[in-house]
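Architecture at a glance
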Amino acid sequence: MDPITFLTQILAPALWKGLIVTVALVVLTAPFGLLLGTGLALGRQYGGRALSTACSGYIVFFKGCPLLLLLFILYFGLPSLGLTLPAFTAAVIGFILCNAAYNSEYIQGAVASIKDGQMTAAQALGMTRAQAIKSIILPQAMRRAIPGLSNEFIYLIKYSSLAYMITVVELTGAAKIAATRYFMFNESFFAVGIVYLALVTLTTYAVGRLEQRVAIPGMGVKT
Amino acid sequence: MEILSVLLEWGPYLLGGIAITLGLTISALALGFCLGLPLALGQVYGSRPVRSLIAVYVWFFRGLPTLILLFLFYFGVFPALGLDFSAFVIGATVLGLRGAAYQSQIFRAGIQSVAEGQMTAALSLGMTRWEAVQCIIIPQALRISLPGWSNEYPELLTDSAVCYAIGVAELMTRTSQIVSVTYMTMPIYIACALIFIALNYGGMRVIRKAEERFAIPGFGGKAVQP
């Protein structure tokens, strides 16, 4: 089969299907990763000793354990404990657990960078601690965390390729299957590489725009 | 405990895997350093075509997932070039090339944070540009970059597990082999995770010690830990 026919007839439709799965993985992971990450950061910053130790322990484990191993634990390991997850679900859960650990580091750094006086002032105005965190601290901290969080989002796009290792046929899987069947390795992997580069470049541009959109003039969000 | 006897039995095999994982990580770090520093210098001091070429390199290697790069080089580039290297060499090369792209950005920031006046001063003392870069800029830039550079170690360590996909017999690969032989899944996976975490934090302690050694008192080489 000549490369042109391969690219247009075989690879392009396969990659399109894979792209949908990759986007689904990323879109399902990101919000929960952000939520869990915020919870971990707040737990570490404001929680009691037990809670903050637990949150730190979580971060040590999930940052230290390779994502591939985590996916294996969820997909191949859990069935031995009687819990069988579909591959796609296992991948999303793995990504959320890992993404949250990294996100929480950025959010915690941002929360810690908001001056203590703001919390004191909010409480002096009669706000509870929770209200102050929700309405005063987080809106500022999240803006400061955006550069780190968007970096992490781009990492997520890239490591979503590991889902293929637990049989989810996303972009990488689609390319690998086509490459092996038709023996077109360079063509397949370069093509899928271009798709990833396009995804990453577009996302970089989009998060740059988002950063500008949510910036508050004078608050020094831009570094 | 069954797991203990299994771990005792397979201990040497796992230890070999640890050695290969560390080998991958350290050779990738070294390759990334040897390539990343020239890339950074080229990006700061190079002519316009050099700078754009390096920017493309960095964009390519930072934009692609490790898994894709491994597949591309293992199944595509190396065989197409007629090179028959072992999976370990290909894995270390890919991780190193990718690491170089990341490291170049760390070194570039370090070089750019050395005040410009130092170059001017060096030139006015009769040094050539290259001498100034070599003796004045690089020694300071490297120290400034060190904290950021150390973070490459855990990145590469966890990334090295992806080399499982091309069959390098490192820790991850050996773990799944043991799982498929012994049919014990969870305990062995957890043991492997704990080994990775120990390697991660143990390695970081060594690196932080090295950072303290290279620090010059009073010179702000120690930056905030992220």
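Residues numbered from 1 in each chain as written. Chains lettered and ligands numbered in written order. Predicted model: local features only at pLDDT ≥ 70, side-chain atom pairs only at ≥ 80, totals over all residues. Heavy atoms only, no water.

1. As for a nonpolar patch on the surface
Applied cut-off: The residues that make up patches have over 30% relative accessible area and no salt bridge, and they are joined within 9 Å when like-charged or within 5 Å when they are Val, Leu, Ile, Met, Phe, Trp or Tyr. For the accessible areas, the method is Shrake-Rupley and the probe is 1.4 Å, while residue cover comes only from the protein chains on display. Salt bridges are defined by distance alone: a side-chain nitrogen of Lys or Arg within 4 Å of a carboxyl oxygen of Asp or Glu. Exposure categories follow from relative accessible area, calculated using a 1.4 Å probe and restricted to protein chains: below 20% of the type maximum is buried, above 50% is exposed, and the middle band is partly exposed.
A contiguous nonpolar patch, built from Leu81, Leu83, Phe85, Phe88 and Val89 of chain B and spanning about 430 Å² of accessible area, is present on the exposed surface. You can call Val89 of chain B partly exposed: its relative accessible area is 34%.

2. Considering the pattern of salt bridges
Two side chains that carry opposite charge are able to pair once their charged atoms sit near each other. Residues and elements named next belong to chain A. Heads up, the condition is: Helix and strand assignments come from DSSP, with helices taken as H or I runs of at least 4 residues and strands as E runs of at least 2, each series counted from the N terminus.
Enumeration according to the criterion identifies four salt bridges over all chains in this entry. With a shortest N-O distance of 2.9 Å, Lys63 and Glu105 are connected by a salt bridge. Of the two residues, Lys63 sits in helix H2 (residues 49–64) while Glu105 sits in helix H4 (residues 87–113), which places them 42 residues apart along the sequence. Judged by relative accessible area, Lys63 falls into the partly exposed class, the value being 22%. Assessed through its relative accessible area of 25%, Glu105 is described here as partly exposed.

3. Overview of the packing of aromatic side chains
Within a pair of aromatic rings, the relevant descriptors are the distance that separates the centres and the angle that separates the planes. Let me state the cut-off plainly: Aromatic pairing here means that ring centres of Phe, Tyr or Trp (its six-membered ring) are within 6.5 Å. Orientation follows from the plane angle: under 30 degrees is stacked, over 60 is edge-to-face, and everything else is tilted. Charge over a ring is defined by NZ of Lys or CZ of Arg lying within 6 Å of the ring centre and within 35 degrees of the ring normal.
Taken as a whole and judged by the stated rule, the model has 25 aromatic pairs over all chains. On the numbers, 4.9 Å between centres and 70 degrees between planes, the contact of Tyr75 of chain A with Phe76 of chain A is edge-to-face. With a centroid separation of 5.5 Å and 85 degrees between ring planes, the pair formed by Phe33 of chain B and Phe107 of chain B is classed as edge-to-face. One end of the pair, Phe33 of chain B, is in helix H1 (residues 2–45); the other, Phe107 of chain B, is in helix H4 (residues 87–113), and 74 residues separate them in sequence. Classification of Phe33 of chain B as partly exposed rests on a relative accessible area of 30%. Using a relative accessible area of 2% as the deciding quantity, one classes Phe107 of chain B as buried. Through successive ring pairs, a cluster of aromatic residues spans Tyr164, Phe183, Phe185 and Phe189 of chain A together with Phe71, Tyr74 and Phe75 of chain B. Above the ring of Tyr155 of chain A, the side-chain terminus of Lys158 of chain A is found at 4.9 Å from the ring centroid. The ring centre of Tyr13 of chain B lies 4.4 Å from the NZ or CZ of Arg174 of chain B, which sits over that ring.

4. Some points on helix H2 (residues 48–63) of chain B
Note that an α-helix has 3.6 residues per turn; residues three or four places apart therefore point the same way. Put simply, the rule reads: Expected helix span is computed as 1.5 Å times (number of residues minus one). Whether two residues are in contact is decided by their heavy atoms, any of which lying within 4.5 Å being enough.
An ideal rise of 1.5 Å per residue puts 22 Å on 16 residues; H2 of chain B measures up with 22 Å between its terminal C-alpha atoms. All of the buried residues in H2 of chain B are Ile54, Tyr57, Val58, Phe61 and Gly63 of chain B. On the buried face of H2 of chain B, the contacting elements are helix H6 (129–159) and helix H8 (185–214) of chain A together with H1, helix H3 (66–80) and H4 of chain B.

5. Examining the packing of H2 of chain A against helix H9 (residues 186–214) of chain B
Selection criterion: Here an angle of 0 to 180 degrees is reported between the N-to-C directions of two axes, which are lines fitted to C-alpha atoms, with helices fitted over the stretch in contact. Any angle from 65 to 115 degrees is called roughly perpendicular, while one under 35 is roughly parallel, one over 145 is roughly antiparallel, and all others are oblique. Ten residues, namely Ala, Val, Leu, Ile, Met, Phe, Trp, Tyr, Cys and Pro, are considered nonpolar, four, namely Asp, Glu, Lys and Arg, are considered charged, and the remaining ones, Gly among them, are considered polar.
Taken N-terminus to C-terminus, the directions of H2 of chain A and H9 of chain B make an angle of 100 degrees; their axes are 8 Å apart at the nearest point. Between H2 of chain A and H9 of chain B, the angle falls in the class roughly perpendicular. Note on element contacts: H9 of chain B touches H2 of chain A through Ala193, Phe196, Ile197, Asn200 and Tyr201 of chain B, opposite Val60, Phe61, Lys63 and Gly64 of chain A. The residue makeup of the contact of H2 of chain A with H9 of chain B, split by class, is six nonpolar, two polar and one charged.

6. Considering the layout of surface pockets
Residues and elements named next belong to chain B. To keep things clear, this is the line we draw: Cavities and pockets are found on a 1 Å grid laid over the protein atoms alone: a cavity is a set of points where a 1.4 Å probe fits but cannot escape, a pocket is an open set with protein on both sides within 12 Å along at least five of seven lines, and a lining residue has an atom within 4 Å of such a point. Grid points are joined across faces, edges and corners, and a volume is the space filled by probe spheres set on the points.
Its boundaries defined by the atoms lining it, the second largest pocket holds a volume of some 380 Å³. Taken together, 16 residues line the second largest pocket, and the ones lying closest to its centre are Leu146, Trp149, Ile207, Ala210 and Phe214. By residue class, the composition of the lining of the second largest pocket is 13 nonpolar, two polar and one charged.

7. Overview of the side chain of Glu211 of chain B
All names here are of chain B. Here is the rule: Definition of a polar contact: a pair of N or O atoms within 3.5 Å, with one able to donate and the other able to accept a hydrogen when the atoms are protein atoms, and with sequence-neighbouring residues admitted only if both atoms are side-chain atoms.
Relative to the elements of secondary structure, Glu211 occurs in helix H9. The class for Glu211 is buried, based on a relative accessible area of 6%. Within the local environment of Glu211, its side chain forms a polar contact with the side chain of Arg208, the two groups lying 2.9 Å apart.

8. Some details on the interface of chain A and chain B
What counts here: We define buried area as the total accessible area lost by two parts upon association, computed with a 1.4 Å probe and summed across both.
Contacts between the two partners involve 33 residues from chain A and, on the opposite side, 33 residues from chain B. Across the interface of chain A and chain B, roughly 3100 Å² is buried in total on both sides, 79% from carbon and sulfur atoms. Counting the contacts that link chain A with chain B gives zero salt bridges. Inspection of the chain A/chain B interface yields six residue pairs in polar contact (both at pLDDT 80 or more). The element best represented in the side of chain A that touches chain B is H8 of chain A, accounting for 10 residues. For the side of chain A that touches chain B, the class distribution of residues is 22 nonpolar, eight polar and three charged.

9. Looking at the nonpolar core
Here is the rule we go by: As used in this record, nonpolar core signifies buried Ala, Val, Leu, Ile, Met, Phe, Trp, Tyr and Cys residues forming a set joined through side-chain atoms within 4.5 Å.
The biggest cluster of nonpolar side chains holds 127 residues, and the ones touching the most others in it are Leu69 and Phe95 of chain A together with Phe73 of chain B. If one sorts the elements of this core by residue count, H1 of chain B sits on top with 12 residues. Ignoring sequence-local partners within four residues, the contact set of Phe73 of chain B consists of Phe61, Phe78, Pro79, Ile90, Val94 and Leu97 of chain B. Counting residues in each nonpolar core, the second largest holds 14 residues, with Ala41, Met119, Ala141 and Ala145 of chain A among its members.

So yeah, pure geometry; function would need other evidence.
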